[in-house]
Amino acid sequence: MDKAAVKLTGEAKPLKCLRKVDGILMEADPRVYQADTVLVNAEDICGAMDGWYFHKASDTSFEIKLGDKIIQLDWDADRNVMTITGEDGETVEATAKQLRMHEDGVLLGADFLREYLRTDAQWQPATSILTLTKQG
């Protein structure tokens, strides 16, 4: 989605991440997508948030780290399913509102942000701003 921004509650400026654009590393807005739900690129949002890290172990295996908490994501292309292994070790199949694979990478939905990253996400269509609020 063109011209969308991501803001953290209480911060005046939109979040920025480093990303290669046309082969050049530059500061950019996290990529936001809107389908039946609003999704944000995992690598971008992790790069923009302090203490969040995204690691691509392979084309089908990814990790999101928040301090000592690690969430494992695994993509099964044959079944078109992403599984989530949370900090408790339990593995569940993700819903389309939680996670999606996209040509630009892993996309995180508001449900995933809330359930696994303890962050509420509110989309404001009039301003094209995704506002994130960290819980506790």
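As the structure is a prediction and not an experimental result, all values here were calculated from the model.

A. View of the overall build of the chain. Tallying secondary structure elements over the chain gives two helices and 14 strands in all. The C-alpha radius of gyration computed for the chain amounts to 14 Å, which stays within 12% of the reference 14 Å derived for 136 residues, consistent with globular compactness. With respect to the three principal axes, the spread of C-alpha positions in the chain is 40 × 35 × 30 Å. Taken across its 136 residues, the chain has 43% of its residues classed as buried. Surface accessibility of the chain: about 7,800 Å² in total, with carbon and sulfur atoms responsible for 46%. Computed over 16 positive and 24 negative side-chain charges, the separation of the two mean positions in the chain equals 6 Å.

B. Region of interest: the pairing of strand E11 (residues 99–102). Note: E11 against strand E12 (residues 105–109), four bridges, orientation antiparallel. Within E12, the position partnered with Arg 100 by the bridge is Leu 107.

C. Looking closely at the sheet that holds strand E13 (residues 119–124). One open sheet holds the three strands; their spatial order is E1-E14-E13, and the pairing between them is mixed. Each end of this open sheet is capped by a strand with a single partner; those strands are strand E1 (5–8) and E13. With strand direction ignored, the average angle separating the axes of adjacent strands in the sheet is 20 degrees. In terms of strand pairing, E13 meets strand E14 (residues 129–134) through six bridges, oriented antiparallel.

D. Structural view of the sheet that holds strand E9 (residues 81–85). Pairing is antiparallel across the open sheet formed by five strands, whose spatial order is E6-E7-E8-E9-E10. Because the sheet does not close on itself, it has two edges, and the strands there are strand E6 (52–56) and strand E10 (91–93). Each strand of the sheet is rotated relative to its neighbour by a mean of 20 degrees, with strand direction disregarded.

E. Summary view of the packing of aromatic side chains. Per the stated rule, a full pass over the model turns up two aromatic pairs. Ring centres of Phe 112 and Tyr 116 lie 5.1 Å apart, and the angle between their planes is 25 degrees; on these two criteria the pair is classed as stacked. In this pair, Phe 112 and Tyr 116 both sit in helix H2 (residues 110–117), four residues apart, roughly one turn of the helix.

F. Molecular detail of the state of the cysteines. Tallying each qualifying case throughout the model produces zero disulfides. Note on Cys 17: no disulfide assigned, nearest cysteine sulfur contributed by Cys 46 at a separation of 10 Å. When its relative accessible area of 2% is taken as the criterion, Cys 46 is described as buried.

What counts as what
- Residues numbered from 1 in each chain as written.
- Predicted model: local features only at pLDDT ≥ 70, side-chain atom pairs only at ≥ 80, totals over all residues.
- Heavy atoms only, no water.
- Helix = DSSP H or I, 4+ residues; strand = E, 2+ residues; numbered from the N terminus.
- Rg over C-alpha atoms; globule rule 2.2 N^0.38 Å.
- Buried < 20%, exposed > 50% of the residue type's maximum accessible area, 1.4 Å probe, protein only.
- Areas by Shrake-Rupley, 256 points an atom, 1.4 Å probe, with all protein chains shown as cover.
- Lys, Arg positive; Asp, Glu negative; His and termini not counted.
- Charge placed at Lys NZ, Arg CZ, Asp CG, Glu CD.
- Pairing = 2+ DSSP bridges.
- Axes fitted to C-alpha atoms, helices over the stretch in contact; angles between N-to-C directions.
- Phe/Tyr/Trp six-rings, centres within 6.5 Å; stacked < 30°, edge-to-face > 60°.
- Disulfide = S-S within 2.5 Å.

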